[in-house]
Amino acid sequence: MIPSESSPENPVEFAQQEFSRRDGWLLALLAALVALFFWRLLTPNLADRAQFPPGDFTDQFYAFRLYEARAFAEGRLPLWSENFNSGHPFLADVQAAVFYPIGLANTLLNVALYGSNFPLFALELEALLHFFLAGAFTYIFARRVIGSRTGAFAAAIVFTFGGYLTSYPPLQLAILETATWLPLALYFLERAIPLSSPLNKGGDTRASASASERGGLLFTFLIYAGMVLGIAALAGHPQTFLVVLATCALYFFFRVSIQKVSRPLSFSSLIAFGSVLLIGFGIAAAQWIPSLEYQLLSTREALSFREAAAGFPTLDLLQFIFPGFTSAFASPLYVGVLPLWLALLAITRRERTRIFWGLVALGALLLSFGFYVFGYALVYLLAPGAALFRQQERFALLVSFALALLTGFGLREILSNARVQIVRQLFFMLPAGAVIAFVLLITFFVAGVQTANARLAFLGDRAGLMLLLFLLASVLVGAYVRSWVSPRALAALAVGLILFDLFSVNEPANKAAPAERYPASPLIEITRSDGNIFRVADEGQLPAHFGIAYGLEEIGGISPLRLAHYDNLLALAPERLLPLLNVKYFFTARSSFAGAQVAGQAGKTRLLRLSNPLPRAWWVGAVMVEADDARALTLMQSNDFDPRRSAVLASPAPFAPDPRAVDGNIMFDSRAPERIVLNANTPVDGVLVLSENFYPGWVARVDGAPVEILRADVSLRAVPLRAGTHQVEVVYDPLSVKLGLGISLVTLLLVAATLFIFR
């Protein structure tokens, strides 16, 4: 008989609940498979060496890690970056993920080895580590709920090398690192649930433990689950984290319901999962409290339904059998031919755990279509935080994970001693599916040739491979049904076929020729050799976040979030915007720009030097008060507005500035990302304007006394000064960071104390 889900047991084919050396060997094999999949990243042969291609991985995540390494090498926490967006709350940007444990350890290790010169290869290795961890955690979870080593290993390789993780998550590192922790959180929740039952039906080795011991283990596993969710929250992708969190909640209350410990939404169940949430958010508070503050001031305080609801076109269902239909480089829904059939086989046996994961796959698939299919609208309207995120195709994470688990269940089904009728049905379905797929592929190929559509023609290139995979799966299952191969041989051949399938269809991310993303450039050297204080602007001529790599201060950046006031300020005409932001050099393809001269040229890229930019700090006497950004911009666009003499304040100054046109003497004493000290000699009362982004957490002291910082010219800082000579100190000292760090520290101490008590 097939082992029951509550107590999987078979002395030959199915693993016992305790882990052994055999599990360790399988995990070692998984690590070797990850290395093989990404072999071009690791090979010592320079002719074969490849790297992750240019894009968000290099321009966002690598650039951010470069800045973190520089800050840690200087002995400071990277709270603020001067290198992009005219000043940016770096730590509060969730994708910086400064406190993510694995990323932090990787950064500090490389700082110890290389100083501030963080290598791209180190970040690529971090991505590879997470592929292994995603597979290992899936194996651990599947090993417990499926009860079969072979089934668990099949689930692990399907999730690790399936279309989702191998498509865009490696290049969107935060997605990969957040998704990695889903199966481990589920594992600890699974371990906690049987312990709360007097019957202890989960097969746990402590079935005979006393009630107090079971209670201690229950709290221990709940704490572990909370810690894992906290780590996932620190990984830097809130959208994926909310998907992980929602899946954990659904699974927890589902397992409580079938365990018959209590009602799913009973007070004890809510308290148990509430403690998991409390621990998770407490651990991640150092990141999410500053990030929440930033989110409320950013351009993405909320999205409209039209902006948020984009997802897969419904035609992308064909990705399940036609990988590459949407793109020749990624098929997020593809899990393989045999895994798809095994998943379908698994849900034909009406067991509640399988039905649950089948419904998860179906529900996530419907949500991944966004506005193309009704379903996401309910999430948008009812789910907290849903209106903050776009690109709903990321729900494919759950489709891939659920189908991976069902693959393991299906393989366990076939490996059972009972030759159930459904196996025979499957044997006849496979060749029929192969014929149908082949006909459809030929149809698409012809259509691709006729329409000269490269994507459809690409399907034709895959026709032979897909037909071969269908036929191999048919032969394998048929041979087993006819008893031509043993269960052990079937297991090995099935895993081998799945690996052949996924390795052949899904491409690793390391497919770009090795190249320096931020190479030395004569134009860059011109700007770096200028010893004055200035910013630079770029019109698409340089890689994103070049300011971090080259140590320059730029006004742009590709971080998904930007301060809303600053974004409004960027609407100013360039002729007024660039001088206001202290831009001295402008990388552009333009032949000319008002008030600028050509300082150098490389190909089509010209480096223009602006002749008369505003300084980084200046003194004005004439002020206007206008809190509305649109009206303030209208005033600033007027020909009568001279930013050297006037400023538009969002709130009144504590005294009336003297509007007489008298220049003040402003000199910088010291400048650092989180601290600016300058000396000001102002002949009359006025306002000191700093071309730096206004943001909560910046505090000013004039001659040691605290002074309120005002918002000027839509997004800049202003410090009111009385006539006289003053020392002005402006320091970034955010309460949100200190509060978050305090909560995280207290949570960790309480967790450590609790684990010690229940050791």
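The structure presented is a predicted model; accordingly, all values stated were derived computationally and were not measured.

Rules and cut-offs
- Residues numbered from 1 in each chain as written.
- Predicted model: local features only at pLDDT ≥ 70, side-chain atom pairs only at ≥ 80, totals over all residues.
- Heavy atoms only, no water.
- Helix = DSSP H or I, 4+ residues; strand = E, 2+ residues; numbered from the N terminus.
- Buried < 20%, exposed > 50% of the residue type's maximum accessible area, 1.4 Å probe, protein only.
- Contact = heavy atoms within 4.5 Å.
- Areas by Shrake-Rupley, 256 points an atom, 1.4 Å probe, with all protein chains shown as cover.
- Pairing = 2+ DSSP bridges.
- Axes fitted to C-alpha atoms, helices over the stretch in contact; angles between N-to-C directions.
- Core = buried A, V, L, I, M, F, W, Y, C linked by side-chain atoms within 4.5 Å.
- Parallel < 35°, antiparallel > 145°, perpendicular 65-115°, else oblique.
- Left-handed = near helix turned anticlockwise from the far one by under 90°.
- Patch = residues over 30% accessible without salt bridge, like charges linked within 9 Å, V, L, I, M, F, W, Y side chains within 5 Å.
- Salt bridge = Lys/Arg side-chain N within 4 Å of Asp/Glu carboxyl O.
- Phe/Tyr/Trp six-rings, centres within 6.5 Å; stacked < 30°, edge-to-face > 60°.
- Lys NZ or Arg CZ within 6 Å of the ring centre and 35° of its normal.
- Nonpolar A, V, L, I, M, F, W, Y, C, P; charged D, E, K, R; others polar.
- pLDDT = per-residue confidence, 0-100.
- Polar contact = N/O pair within 3.5 Å; in protein donor to acceptor, adjacent residues only side chain to side chain.

### Things to note about the overall build of the protein
Of the regular secondary structure elements, the protein holds 26 helices and 15 strands. Put simply, the protein has 759 residues, and 56% of those count as buried. Taking contacts inside the protein between residues at least 6 apart in sequence as the whole, the part at least 24 apart equals 76%. Total accessible area on the protein is roughly 30700 Å²; 63% of this is exposed by carbon and sulfur atoms.

### Quick word on the sheet that holds strand β8 (residues 665-672)
Think of a sheet as strands paired side by side through backbone hydrogen bonds, with each pair either parallel or antiparallel. Read from one edge to the other, the open sheet built from five strands follows the order β8-β9-β15-β11-β12, with strand pairing classed as antiparallel. Of all strands in the sheet, those with a lone pairing partner are β8 and β12 (705-707), marking the two edges. Put simply, the sheet's adjacent strands are angled 25° from each other on average, direction ignored.

### Overview of the nonpolar core
Grouped together as the largest cluster of nonpolar side chains are 229 residues, with contacts concentrated most on Trp357 and Leu569. With 16 residues, the single largest contributor to this core is helix α5 (residues 120-146). Residue contacts for Leu569: discarding those within four places in its chain leaves Leu577, Leu580, Leu581, Leu633, Met636, Asp713, Val714, Ser715 and Leu716.

### A few points about the sheet that holds strand β3 (residues 596-602)
Ordered in space as β1-β2-β4-β3, the four strands form an open sheet in which the pairing is mixed. Across the chains shown, the open sheet's two edge strands, defined by having one partner strand only, are β1 (535-538) and β3. Across the sheet, the axes of successive neighbouring strands diverge by a mean angle of 20°, strand direction being ignored. Two strands pair when backbone bridges link them, and β1 and strand β2 (residues 583-588) are joined in this way by four bridges, in the parallel orientation. Residue pairing in the sheet places Asp538 in a bridge with Phe587 of β2.

### Description of the packing of helix α3 (residues 56-73) against helix α4 (residues 101-114)
The N-to-C vectors of α3 and α4 enclose an angle of 60°; their axes lie 9 Å apart at closest approach. Between α3 and α4, the angle falls in the class oblique. Considering how the two elements wind past one another, α3 and α4 form a crossing that is right-handed. Here α3 contributes Arg65, Glu68, Ala69, Phe72 and Ala73 to the contact with α4, which in turn contributes Gly103, Leu104, Asn106, Thr107, Leu108 and Val111.

### Details of a nonpolar patch on the surface
A surface patch of nonpolar side chains, about 430 Å² in accessible area, is lined by Phe281, Trp288, Leu292, Leu296 and Leu297. Among the structural elements, Leu292 can be located in helix α12 (residues 285-296). Residue classification places Leu292 among the partly exposed positions, given a relative accessible area of 43%.

### So, the packing of aromatic side chains
Summed over the entire model, instances satisfying the criterion amount to 41 aromatic pairs. One aromatic cluster in this structure is built from Phe141, Phe159, Tyr251, Phe254, Phe356, Trp357 and Phe401. Directly above the aromatic system of Phe668 lies the positively charged group of Arg671, at a separation of 5.9 Å from the ring centroid.

### Observations regarding the packing of helix α14 (residues 337-348) against helix α20 (residues 487-505)
In the contact formed by α14 and α20, the axes pass within 8 Å of each other and the chain directions differ by 125°. Our classification of the angle between α14 and α20 gives oblique. For the pair α14 and α20, contact is made by Val337, Leu338 and Pro339 and by Ala494, Leu497, Ile498 and Asp501, respectively. Residue classes in the contact of α14 with α20 are distributed as six nonpolar, no polar and one charged.

### Here we look at the pattern of salt bridges
Considering all chains together, one arrives at 23 salt bridges under this definition. We note a salt bridge from Asp733 to Lys738, for which the minimum N-O separation is 3.3 Å. Exposure remark for Asp733: the relative accessible area of 36% places this residue in the partly exposed category. On the basis of relative accessibility, which here comes to 47%, the residue Lys738 falls in the partly exposed class.

### Focus: the environment of Ile548
Residue placement: Ile548 occurs in helix α22 (residues 546-550). Judged by its relative accessible area of 0%, Ile548 is buried. With 484 residues separating them in the primary sequence, Ile548 and Phe64 have C-alpha atoms 7.8 Å apart. Setting aside residues up to four positions removed in sequence, Ile548 forms contacts with Ala63, Phe64, Leu66, Tyr67, Arg70, Asn83 and Phe84.

### Comments concerning the confidence of the model for the protein
Parts of the model with low pLDDT should not have their predicted coordinates read in detail. Here the protein shows a mean pLDDT of 85. Residues at 70 or above account for 86%. Below a pLDDT of 50 lies the segment residues 447-452, which in the model reaches five contacts outside its immediate sequence neighbourhood of four places, other chains included.

### A few points about the pairing of β3
For β3 and strand β4 (residues 605-610), the ladder comprises six bridges, and the chain directions are antiparallel. What sits directly across from Ala596, in β4, is Leu610. Linking β3 back to β4 in an antiparallel pair, the connection comprises two residues, with Gly603 at a positive phi of about 65°.

### Quick notes on unusual backbone geometry
Of note, His545 is a non-glycine position whose phi angle comes to about 55°, a positive value. Position of His545 among the secondary structure elements: in the loop between β1 and α22. With relative accessibility at 1%, the residue His545 sits in the buried group.

### A word on the side chain of Ser148
The residue Ser148 is located in the loop between α5 and α6 (149-161) in this model. Exposure remark for Ser148: the relative accessible area of 0% places this residue in the buried category. A polar contact of 3.0 Å, which involves the side chain of Ser148, links it to the backbone nitrogen of Gly151.

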